[in-house]
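# Architecture and fold: a report
The residues making up each chain are set out below.
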Amino acid sequence: MSNYIDQILKERKIGFAIFDQDFILSKSSRNFSKIIHNNLITPNSSIWEIFPELFGSEDQVSAVVQNKQKKYQIEKVNKYSDGGKLHYYDLTLLPLKNKAPNLLCIVADTTTETSLEQEIRQQKYEIELLQANLSSYGNYLSNDILGDSVKIKKVREFVGKIANIRNTTILLQGESGTGKNLVARAIHRLSMEPKSPFVEVNCASIPSTLIESEIFGHEKGAFTNAITNKKGLLEEANGGTFFLDEIGELPVSLQAKFLSFLENKKFRRLGSTQERKVDIRVIAATNKDLKQAVENNEFRQDLFFRINIVNLNLPPLRELKDDIIIIADHFIRIFAYDFKKKVKGLTDHAKTKLLSYNWPGNVRELRNVIERAIIFAEGDKIGADEIILAEEKQQAKVTQKFTIPENGISLFDIEKKLLLDALSKTNGNQSRAAKLLGLSLDTFRYRMKKYSISI
Amino acid sequence: MSEKRIVLSKKICMLGSFGVGKTSLVRRFIYDEFRENYRSTMGVQILQKIVSLTKDNSFGIKLILWDIAHIEKFNRVIKNYFRGSHGAIVVCDITRSQSFQGMDIYLKPYLEMNPKSKLIFVGNKIDLVDKNSFDMEQLLQISKALKSPFITTSAKTNENVDELFNKLGTLLVKAE
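We now turn to the structure provided with this report.

### A few points about the nonpolar core
Counting residues in each nonpolar core, the largest one holds 53 residues, and the members touching the most others are A:F51, A:L93, B:L15 and B:F82. Element by element, the count of residues in this core is highest for helix α2 (residues 76–82) of chain B, at four residues. A:F51 has contacts with A:F19, A:F32, A:I36, A:Y89, A:L91, A:C105 and A:V107, leaving out every residue within four places of it along the chain. Counting residues in hydrophobic clusters, the runner-up holds 46 residues, among them A:A184, A:A186, A:I324 and A:V369.

Shown next, in the form of structure tokens:
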């Protein structure tokens, strides 16, 4: 009979044990210790030694043995077997009426079902983690204003301060690629609710005939192709941030309407007489000199004054030499992750190359350079050869930037300094120093001799 | 070497969304190991370790760690996991803002069941962010709302992991 019960218990993967009123093991089925993967059970083991999961539940266990509580259960307890395989079991405690109060402990091996459930959950969570990773890396790109330089610290300081004042229009100015969009998103993130909208419109990318309808929306029949009512981007941004990029390209005809909107936060859709009100923060950005545009009658002065209440000039990357490597490292982490490469940084030569470049395309250009370098990188560090720069632009910019001071300059000194700088940047490597200055090695050595430079 | 004198045993629940690294923190603490592959926990895994709170090991606290699976909804099963807990380590993944949200689902019932429980709020995966530029503001606000200390950790690089459990041990001893 006992064998018969054991056989049933084995097939059903259920085991049992009986504990006395002092919680000492008095009897157990043969498979009990196997199900809970505990080989150290002895006849005198207490329930607390066998099941550490009951710690903290002493009151409930006592209540069950005294028949004050019907049962106590802990499901899906994880246990590793000696072979390192993960098993699951459910533990149920029931009162057992005997001469003295006893406790019936039933353990059920749920490894098969729980493992199946685990596989399904695992897939679900992995998908969600992947989606979150993609989105957080997107945020990472957009939200972090990287760098330790004084200029970048000032940008961060500005963002922190302005984030607390929601009603002010902000004007972001800076060359293309300096991160105006990134700063706008950072202000939005710091000042708005997490799920509030961030609506972006680039005035240069929308045909002037469509831009009014895009921003303000339209009513059915407002113009030939207006077959339905359409919300404008201002309405889409309600409760959040409206980022008007390249505001310098906003058609003059529309500037008055936008100014009116900024004044009272009210507007009408095209073809509608109904006034609509939205609660939004407006951030405008431009790489144009708006003052000059005002002088050229390309931009309304009143609109310029209205949007220029709080402004921030974003520094070009060439003025952030201290930050170039920090930003490059940041992009390395992102693209190494994206392209599944084990690249962890830059060689010293690659750093020198990045630092000696003028970065006319600013951070956007740096990002592209790093992305390309990661694709072609073979080792764990990006080398100088993998950094491909627009050399022609670099030379052109250097030439453009250089002007002779009013009190004149010594060509001798300049030339000597350039040679010394080139040697310093290449750690004394004359071939590479010559290359940096666009000279042959012979010419370079000739000039070293001319200026009595020796290494 | 003097033997540890255990005077306290405390049940600790590891709480937090899926994939934040609860199991990794426990594994790092108990076995000093880290697994790159993610495997979601089902149910509960119970492990324990003694933390020495004095240099001469004369005073220790046994932490019985309940590594609980991500809780999608509170039910009877979870209630039994929470019962009698003395402390909780609430873990989030600092690279994933979704993991800071929806904590009420488990924290509210947990605190109702264990009002005197000590909490520590943990921002795990600190190795994945640039510490100089990472904005901690939101996490510090959550920590303030929870009235719990905040600590950043990395189970992967073993940053602050022992410190986390030692800190909790100290809090529990002080509460005695």
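### A closer look at the interface of chain A and chain B
Counting residues at the interface gives 38 residues for chain A and 37 residues for chain B. A buried area of about 3300 Å², summed over both sides, lies between chain A and chain B, and 53% of it is on carbon and sulfur atoms. Of all residues in chain A, A:F55, A:Y125 and A:L129 give up the largest surface area on contact with chain B, accounting jointly for 19% of the area buried on that side. If you look at where chain A meets chain B, you find two salt bridges. The closest approach of N and O atoms between B:R76 and A:E75, which form a salt bridge, is 3.1 Å. At the surface where chain A touches chain B, the tally comes to 13 residue pairs in polar contact (both at pLDDT 80 or more). For the side of chain A that touches chain B, the elements supplying multiple residues, two or more each, are β3 (72–80), β4 (86–96), α5 (111–143), α7 (180–191) and α13 (321–338) of chain A. Of the residues in the side of chain A that touches chain B, the class split is 16 nonpolar, ten polar and twelve charged.

### Structural notes on the sheet that holds strand β10 (residues 241–245) of chain A
Residues and elements named next belong to chain A. Spatial ordering of the open sheet is given by β7-β10-β13-β6-β14, a layout of five strands whose pairing is parallel. Of all the strands in the sheet, the pair left with one neighbour each is β7 (198–202) and β14 (310–313). For this sheet, the mean angle separating the axes of adjacent strands, direction not counted, is 20°. Sheet topology places β10 next to strand β13 (residues 281–286); four bridges connect them, and they run parallel. Residue pairing for β13: L244 is matched across the bridge by A284. Across the face of the sheet, helix α6 (residues 150–162) comes into contact with β6 (170–173), β13 and β14 while running at roughly 160° to β14.

### Brief notes about the packing of helix α8 (residues 208–216) of chain A against helix α10 (residues 252–264) of chain A
Residue and element names in this part refer to chain A. At a minimum axis separation of 11 Å, α8 and α10 run at an interaxial angle of 15°. Taken together, the axes of α8 and α10 lie roughly parallel to each other. The chirality of how α8 crosses α10 is left-handed. Of the residues in α10, those touching α8 at I211, E212 and F216 are L254, K257, F258 and F261. In terms of residue class, the contact of α8 with α10 is made up of five nonpolar, no polar and two charged.

### Describing the pattern of salt bridges
Where charged atoms from two side chains of opposite charge approach closely, those side chains can pair. Applying the stated criterion across every chain yields a total of 26 salt bridges over all chains. A salt bridge links A:K230 to A:E214; its shortest N-O distance comes to 2.9 Å. Of the two residues, A:K230 is situated in strand β9 (residues 230–231) and A:E214 in helix α8; the sequence distance between them amounts to 16 residues. By relative accessible area, which is 29% here, A:K230 ends up partly exposed. Linking B:D93 and B:R96 is a salt bridge whose minimum nitrogen-to-oxygen distance equals 3.5 Å. Accessibility expressed as a relative area gives 3% for B:D93, which makes it buried.

### Re the packing of aromatic side chains
All chains considered together, the criterion is met by 17 aromatic pairs over all chains. Aromatic side chains A:F258 and A:F261 sit 5.9 Å apart centroid to centroid with 45° between the ring planes, which places their arrangement in the tilted category. Taken as a pair, A:F258 and A:F261 lie in helix α10 at a separation of three residues, close to a single helical turn. Centre to centre, the rings of A:Y357 and A:W359 are 4.6 Å apart; their planes meet at 85°, and the pair counts as edge-to-face. Accessibility classification places A:Y357 together with A:W359 in one group, the buried group. Taken together, A:F216, A:F242, A:F258, A:F261 and A:F267 form an aromatic cluster joined through their ring pairs. Cation over ring: A:K257 sits above A:F216, and NZ or CZ is 4.4 Å from the ring centre. One residue, B:K11, lies across the ring of B:W66, its end atom 3.6 Å from the ring centre.

Basis of the calculations
- Residues numbered from 1 in each chain as written.
- Chains lettered and ligands numbered in written order.
- Predicted model: local features only at pLDDT ≥ 70, side-chain atom pairs only at ≥ 80, totals over all residues.
- Heavy atoms only, no water.
- Core = buried A, V, L, I, M, F, W, Y, C linked by side-chain atoms within 4.5 Å.
- Buried < 20%, exposed > 50% of the residue type's maximum accessible area, 1.4 Å probe, protein only.
- Helix = DSSP H or I, 4+ residues; strand = E, 2+ residues; numbered from the N terminus.
- Contact = heavy atoms within 4.5 Å.
- Buried area = accessible area lost by both parts, 1.4 Å probe.
- Salt bridge = Lys/Arg side-chain N within 4 Å of Asp/Glu carboxyl O.
- Polar contact = N/O pair within 3.5 Å; in protein donor to acceptor, adjacent residues only side chain to side chain.
- Nonpolar A, V, L, I, M, F, W, Y, C, P; charged D, E, K, R; others polar.
- Pairing = 2+ DSSP bridges.
- Axes fitted to C-alpha atoms, helices over the stretch in contact; angles between N-to-C directions.
- Parallel < 35°, antiparallel > 145°, perpendicular 65-115°, else oblique.
- Left-handed = near helix turned anticlockwise from the far one by under 90°.
- Phe/Tyr/Trp six-rings, centres within 6.5 Å; stacked < 30°, edge-to-face > 60°.
- Lys NZ or Arg CZ within 6 Å of the ring centre and 35° of its normal.

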